[in-house]
Amino acid sequence: MNHGTTLSDDCKNLYPPSSEADYAWDYDAGAGTVRNSNTTIVIGMSNDDHTTQILPVSKGARNLDHHGHSQIQAFVLANLNSTSEPYNFNAAGPLLGWVLQKPVGVSGEPVTGLVYSVGNSVIEIERNAFVIQEYNLGEGSNYHCFLNASTENQGGNYGYPLCYALSITIIVKSAKLKAGSHFTSSQNATVNDDSCASERVPPRLTLELHVTPLDIVFLPNATKAYITYHGNWGREIPVECQVVALDFKDGSLDAAADSLTDAQYSFANRDTSVCPESCFRPFGLALDAAGHIWVASHSSGVL
């Protein structure tokens, strides 16, 4: 599944991913046209599981590539030329984070270069004979690492599919856990709440349950990040589709890790009675040079 096409900083290349490889097309922004042929830049991404790619290009000519292996990798585009062999996904590029549950939105904070992602949690698990579905697990906003020479926090294990981010604490019946904690569905000697807390990386901020975050984009001054909530109509009380903002300071989220109230609602549907088929369901985000935020809608097919 292709989850997004990215334009290079100089507006001369388009980078659309597929389930097997990543490509580059020469692009004429004035004419709005691409060259007939393309260059393959990353190969070796096929697998027999759920596969989805997004391909944001950061400052400094690096390519962030999320793939269906539940991981995020980076590849240096500046090292490629017309005669270069494509990068092999399984053998090249630093691993920024792995065992992530659908980190569909990935972006580099533009001032410090810190890499963040937003991702969906699992739909249904059982704990203490209670099926967690209507009161789903929290979605995640993850901090990964710097996208420079530093390896600090690089390659962290984010716990999927054994550890999950907690949103509503009542569903797990544990005095030790709070919003944002990692927990597991079944406790044993190998995998339990304590091992999830000590051996796995929790989200930097746990988002509301069932919001289905799909993209993240930063303001140029990195004071805010905007996130699309695709919503969810698969529960008794639907979760509304909207775009929210989170405050950032010095490269980090301004919110406490256990906060569930820091998302600032920017805009949403006035009439949700026609959802989900005919309403605004935000998916992709883009920021233009004038500071306008552009949002693509899934079900209505508008920008």
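Quick summary incoming for the structure in this document. As a convention, each chain's residues are numbered from 1 in the sequence order in which they are written. Residue-level local features of this predicted model are given only where pLDDT is at least 70; pairs of side-chain atoms are given and counted only at 80 or more, and the full residue set underlies all totals for whole chains, interfaces and linings. Neither water nor hydrogens contribute to the side-chain values; these are computed over all heavy atoms in the structure.

1. Some details on the overall build of the protein
So, point 1. For the protein, the helix and strand inventory stands at one helix and 26 strands.
So, point 2. Note on contacts: a residue pair is in contact if any heavy atoms of the two residues lie within 4.5 Å. For the protein, the proportion of contacts with a sequence separation of at least 24, taken over those separated by at least 6, is 49%.
So, point 3. Within the structure as shown, the protein displays about 14400 Å² of accessible surface, and the carbon and sulfur contribution to it stands at 51%. The secondary structure listing takes helices from DSSP runs of H or I that are at least 4 residues long and strands from runs of E that are at least 2 residues long, numbered from the N terminus. In this description, accessible areas are obtained by the Shrake-Rupley approach with a 1.4 Å probe, and a residue is regarded as covered only by the protein chains that are shown.

2. Notes on the environment of Glu277
So, point 1. Mapped onto the fold, Glu277 is located in the loop between strand E24 (264-268) and strand E25 (282-287).
So, point 2. Placed 23 residues apart in sequence, Glu277 and Ser300 show a C-alpha to C-alpha distance of 7.4 Å.

3. Considering the environment of Leu303
So, point 1. Inspection of the secondary structure puts Leu303 in the segment after strand E26 (293-297).
So, point 2. Residue exposure (1.4 Å probe, protein chains only): buried if accessible area is under 20% of the type maximum, exposed if over 50%, otherwise partly exposed. A relative accessible area of 69% places Leu303 in the exposed class.
So, point 3. Along the backbone, Leu303 and Pro282 are 21 residues apart, and their C-alpha atoms lie at a distance of 9.2 Å.
So, point 4. Beyond its immediate chain neighbours, meaning those up to four positions away, Leu303 contacts Trp294, Val295 and Ala296.

4. Concerning the nonpolar core
So, point 1. The biggest cluster of nonpolar side chains holds 18 residues, and the ones touching the most others in it are Ile216, Ile227, Tyr229, Leu246 and Phe248.
So, point 2. Elements that contribute at least two residues to this core include exactly strand E12 (114-119), strand E19 (205-209), strand E20 (213-218), strand E21 (224-229) and strand E22 (242-249).
So, point 3. Setting aside chain neighbours within four positions, we find Ile216 in contact with Gly105, Val106, Ser107, Tyr116, Val118, Ala225, Tyr226, Ile227 and Leu285. Nonpolar cores are built from buried Ala, Val, Leu, Ile, Met, Phe, Trp, Tyr and Cys residues. Side-chain atoms within 4.5 Å join them into one set.

5. Focus on the pattern of salt bridges
So, point 1. Take a side-chain nitrogen of Lys or Arg and a carboxyl oxygen of Asp or Glu: if they are within 4 Å of each other, that pair is a salt bridge. Counted under the stated rule, the structure contains five salt bridges.
So, point 2. Note that Glu199 and Arg200 form a salt bridge whose closest N and O atoms lie 3.8 Å from each other.
So, point 3. Owing to a relative accessible area of 23%, Arg200 belongs among the partly exposed residues under this scheme.

6. What to know about the environment of Leu253
So, point 1. Here Leu253 shows up in strand E23 (residues 252-253).
So, point 2. With a relative accessible area of 4%, Leu253 lands in the buried category.
So, point 3. When the C-alpha atoms of Leu253 and Ser141 are compared, they prove to be 9.6 Å apart, with 112 residues separating the residues in sequence.
So, point 4. With residues up to four places along the chain from it excluded, the contact list for Leu253 reads Tyr116, Ser141, Arg204, Leu205, Leu246, Asp247 and Phe248.

7. Concerning the pairing of E12
So, point 1. For E12, the buried fraction is high: six of the six residues fall into the buried class.
So, point 2. Taking every second residue as pointing to the same face, both faces of E12 are buried, with Leu114, Tyr116 and Val118 on one and Val115, Ser117 and Gly119 on the other.
So, point 3. Pairing between two strands requires that DSSP report at least two bridges joining them. Bridge count between strand E11 (residues 105-108) and E12: four bridges; the pairing is antiparallel. If you follow Ser107 over to E12, its bridge partner there is Tyr116.
So, point 4. Hairpin remark: E11 followed by E12, antiparallel, with five residues in the connecting loop; positive phi at Gly113, about 85°.

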